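Residues per chain, in single letters:
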Amino acid sequence: MAPGRGGVVIGVPTGTRLRLRRARRRGASVLQARLSAGAARAGQLPVPAPVRARLADPLVWEPHPRSVPVPRILLGGQNGLRGADYARATGDLMWTSRRVADGPHADLLRAAGAGPLRDDELLGTDYAAMARRSIAVSGHWFGATDDAGIVRVARGFLDPAPLPPGQDTPVRPAGSRPGAPILVAPIQGSDCYQVVDGHHRVARLAVDGAPTVEVRVRRRAVTTPLQDLLDRMSWIGGERELYQPVDAPELATSWATVRRCTDRLDKMRAVLRDLHLDGATYLDVASCYGWFLAAMADAGHDVQGIERDPLAPTLAAAAYGLAPERVTTGDAVQLLRERQGTYDVVSCFSLLHHFALGRGEVDAVGLLSLLDRVTGRVLFLDTGQAHEAWFRDSLREWDTDHVRDFLVRHGTFDRVIDLGADQDDVAPYDGNYGRHLFACVRDR
C-alpha cells in the first residue's frame with residue numbers, strides 16, 4: 001500500500017516501522033559491530049598507546065590497501081571530528097554528500113591553477129570559509145586560528161616549500177604524518193567512500209584527473225547525515241526509497257526514486273504559461289521533501305508548502321536550498337482551515353485517495369473543498385487510481401473518468417483538464433502509479 005501523506009494517519013506506527021527497518025539492517029552489520037567492539041576492547045587494554053594502536057588496527061581497518069575510484073570519494077571529517085559530527089556542527093547536512101572532487105579543497109586548486117591568488121582572493125574562497133567554520137567548531141584549522149593562519153595553511157597546500165635534505169615534513173595539528181595512507185570508510189548502501197584522513201591528497205588527485213587511488217578502508221561502514229535524515233522521514237515504510245528526487249552520490253545505487261516529478265512539473269509549466277501566471281503565488285499541499293517548492297521558486301514563484309513530517313523543512317533546506325520557513329508542518333486539514341486568502345496556484349499530489357479511503361479527518365469531498373477555497377486560479381491534483389495494484393479492491397470506482405467527474409461535481413472550477421498520466425509506472429513500481437494529473441482552472 002502506498003504510504004500516507006499530509007494529515008493522514010496510516011496503519012503502522014512510525015516507531016514500529018523504524019524498529020523493523022533497523023532490525024533488518026542490523027542483520028547485515030553483525031560482523032562490523034563485533035569488529036568495532038573488539039577494537040574498543042583493544043583500546044581499553046592496560047598497555048602502551050602504540051601497542052594498543054597496533055592491536056586495534058587490524059580490527060578497524062582492512063589488512064590490505066584497496067584501489068577505489070576517486071570520483072566516489074566524498075568529503076568527511078575535519079580536525080578530529082567525524083564527518084557526521086562536522087556536518088551537524090557546521091549546519092551543513094550535505095557536507096558528507098559532496099564529492100571531494102567538487103569540494104572546497106579541489107576548488108582552491110582549480111582557482112590557483114587559473115592564475116596566482118592574492119591573499120584577499122584566497123580568503124574569499126570556499127576553502128577559507130571551510131577553514132573558518134572549522135576554527136569555529138574545533139578551535140583551529142591545522143593549527144591556524146585566524147585569517148593569516150588560514151592563508152599560511154592554504155599556501156602550504158598549494159605550493160609546498162622544499163625541505164632541506166634529511167628533514168621531515170612538519171606535521172600540523174590534526175594533520176597526517178609523512179607517508180601515511182589515505183584513510184576512507186565505506187558509506188552504507190552505496191558504492192561511495194567517506195574520507196577519514198587525506199582530503200587534500202584526494203583533491204589533488206581529483207584535479208589531476210587520476211581515476212583511482214590506493215587507500216586503507218575502514219571495516220565498519222558509515223552513514224551520511226542525509227541518509228540518516230531520509231531514514232527518519234515518517235512516510236517511508238522501511239525501505240531505501242526517495243519519494244522525490246534528491247541529488248546525492250551516496251543515494252545513486254540503492255535508493256530508488258518513487259516519483260520522478262519532472263513529468264508533472266513540465267505539464268504544470270505548460271498550463272501556467274497559457275494562463276500567464278509568471279511569478280504567481282504557489283502552495284503545495286503535502287509537499288514532502290520540497291522538490292516542487294524548490295522548482296517553482298527557481299522559476300520565480302512565491303512558494304509555501306504544507307507537510308505532515310516535521311523533518312521536511314530541514315530536508316528541503318539541505319537538499320534544495322529552500323528556506324525552512326517556506327514549509328509549515330502539521331495536519332493538512334487543520335492548516336488549510338487556518339489559511340487566509342488564496343494562492344494563484346495550488347498543487348496536491350497523491351493525497352486525495354487517503355481521504356477517500358477514510359484515513360483523514362474529513363472525506364475526499366471535504367479535502368477538495370478546502371483545496372478549492374485556497375485556490376485562486378489553478379489547482380493541480382493527482383490521486384491514487386483503480387488501475388494500480390494496491391488500489392484495485394479499495395478504490396475500484398476511482399478510474400480516470402471518475403476522478404475527473406469528482407473534481408467537476410465537487411469543485412467550483414470553470415474547467416477540469418486531464419493532463420495525462422505520470423511516468424512512474426516502471427520497475428520496481430510497475431503496476432502502480434500512472435496517475436493522471438488534472439488542472440482545475442478558474443478562467444476569471
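Residues numbered from 1 in each chain as written. Predicted model: local features only at pLDDT ≥ 70, side-chain atom pairs only at ≥ 80, totals over all residues. Heavy atoms only, no water.

Undergrad: How should the sheet that holds strand E9 (residues 302–307) be read in this particular structure?
TA: Strand pairing within a sheet occurs via backbone hydrogen bonds; the two strands may be parallel or antiparallel. Across the sheet, which stays open at both edges, the seven strands sit in the order E10-E9-E8-E11-E12-E14-E13 with mixed pairing between neighbours. This sheet does not close on itself; its edge strands, each paired only once, are strand E10 (327–329) and strand E13 (415–421). Sheet twist, expressed as the mean angle between neighbouring strand axes with direction ignored, is 15°. Pairing between strand E8 (residues 281–285) and E9: five bridges, direction parallel. (Pairing = 2+ DSSP bridges. Helix = DSSP H or I, 4+ residues; strand = E, 2+ residues; numbered from the N terminus. Axes fitted to C-alpha atoms, helices over the stretch in contact; angles between N-to-C directions.)

Undergrad: Looking at this structure, how should I read the side chain of His140?
TA: Mapped onto the fold, His140 is located in the loop between helix H7 (126–138) and helix H8 (147–158). For His140, the side chain forms a polar contact with the main-chain nitrogen of Phe142, separated by 3.3 Å. (Polar contact = N/O pair within 3.5 Å; in protein donor to acceptor, adjacent residues only side chain to side chain.)

Undergrad: Is there a simple way to explain the packing of helix H5 (residues 104–113) against H7 in this structure?
TA: For any two helices packed against each other, one specifies the crossing angle of their axes together with the interaxial distance. Their axes nearest at 8 Å, the elements H5 and H7 cross at an angle of 140°. Counting all contacts with H5, which are made through Pro104, His105, Asp107 and Leu108, the residues of H7 involved are Asp126, Tyr127 and Met130. Taken together, the residues of the contact of H5 with H7 break down into four nonpolar, one polar and two charged. (Contact = heavy atoms within 4.5 Å. Nonpolar A, V, L, I, M, F, W, Y, C, P; charged D, E, K, R; others polar.)

Undergrad: Please clarify how the nonpolar core should be interpreted in this entry.
TA: Soluble globular proteins tend to bury their nonpolar side chains together. Counting 38 residues, the largest nonpolar core has Ile73, Tyr127 and Trp141 as the members making the most contacts within it. Here Trp141 is in contact with Gln78, Asn79, His105, Tyr127, Met130, Ala131, Ser134, Ile135, Val153 and His200, once residues within four sequence places are set aside. (Core = buried A, V, L, I, M, F, W, Y, C linked by side-chain atoms within 4.5 Å. Buried < 20%, exposed > 50% of the residue type's maximum accessible area, 1.4 Å probe, protein only.)

Undergrad: Sorry, what's going on with the sheet that holds strand E3 (residues 183–186) here?
TA: What the five strands build is an open sheet, ordered E1-E5-E3-E4-E2; its pairing is mixed. Unpaired on one side and paired on the other, strand E1 (66–69) and strand E2 (73–74) mark the two borders of the sheet. Bridge analysis of E3 against strand E4 (residues 193–197) gives four bridges, and the strand direction is antiparallel. Bridged to Pro186 within E4 is Tyr193.

Undergrad: Would you mind showing me how to read the packing of helix H16 (residues 364–374) against helix H17 (residues 400–410) here?
TA: It is the contact of H16 with H17, at a shortest axis distance of 10 Å, that shows an interaxial angle of 60°. Considering the angle they form, H16 stands oblique to H17. When you trace H16 past H17, the crossing you get is right-handed. In this structure, H16 uses Ala364, Val365 and Leu368 to contact H17, whose residues at the interface are Phe406, Leu407 and His410. (Parallel < 35°, antiparallel > 145°, perpendicular 65-115°, else oblique. Left-handed = near helix turned anticlockwise from the far one by under 90°.)

Undergrad: I tried to follow the pairing of E8 on my own but got confused; where do I start?
TA: Along a regular strand, successive side chains alternate from one face of the sheet to the other. With four of five residues buried, E8 is to be regarded as a mostly interior element. You can see the chain leave E8, run along helix H12 (residues 291–298) and come back into E9, and the turn it takes is right-handed. (Right-handed = clockwise from strand over helix to strand, strands pointing away.)

Undergrad: What is the right way to read the pattern of salt bridges from this model?
TA: Proximity of charged atoms lets side chains of opposite charge pair with each other. Inspection of every chain in the model, using the stated rule, returns 24 salt bridges. Salt-bridge contacts for Asp120 lead to Arg118; the nearest nitrogen and oxygen are separated by 3.0 Å. Assessed through its relative accessible area of 49%, Asp120 is described here as partly exposed. A salt bridge links Asp302 to Arg326; its shortest N-O distance comes to 2.7 Å. In this pair, Asp302 sits in strand E9 while Arg326 sits in the loop between helix H13 (312–320) and E10, placing the two residues 24 residues apart along the sequence. Given a relative accessible area of 39%, Asp302 falls into the partly exposed group. In the salt-bridge network here, residues are joined through shared partners; they are Arg259, Arg260, Arg264, Asp382, Asp422 and Asp424. (Salt bridge = Lys/Arg side-chain N within 4 Å of Asp/Glu carboxyl O.)

Undergrad: Could you clarify how one ought to interpret the environment of Phe380 in this entry?
TA: Here Phe380 lies in strand E12 (residues 375–382). Between the C-alpha atoms of Phe380 and Asp284, which are 96 residues apart in sequence, the distance is 9.3 Å. Those residues within four positions of Phe380 in sequence are excluded, and the remaining contacts are Met268, Val271, Leu272, Val345, Val346, Ser347, Cys348, Phe349, Leu419, Leu437, Phe438 and Ala439.

Undergrad: Looking at this structure, I do not really get helix H11 (residues 262–274). What am I missing?
TA: An α-helical turn contains 3.6 residues, so any two residues separated by three or four positions project in the same direction. Its 13 residues give H11 an end-to-end C-alpha distance of 19 Å, which sits within 8% of 18 Å, the value for a rise of 1.5 Å per residue. Among all positions in H11, only Asp263, Arg264, Leu265, Met268, Val271 and Leu272 are buried. Against the buried residues of H11 lie E8, H12, strand E11 (343–349), E12, E13 and strand E14 (436–441). A positive phi of about 55° marks His276, the residue just after H11. (Expected span 1.5 Å × (residues − 1).)

Undergrad: When you look at unusual backbone geometry in this model, what are you seeing that I'm missing?
TA: Residues other than glycine predominantly adopt negative phi, and peptide bonds predominantly adopt the trans conformation. Residue Ala427 is joined to Pro428 through a cis peptide bond whose omega torsion reads 5°. As for its placement among the helices and strands, Pro428 is situated in the loop between E13 and E14. Positioned with a positive phi, Cys288 is a non-glycine residue whose angle comes to about 55°. By the secondary structure assignment, Cys288 is in the loop between E8 and H12. Phi is positive for Ser350, close to 55°, though the residue is something other than glycine. Mapped onto the elements of the fold, Ser350 is located in the loop between E11 and helix H15 (352–356).

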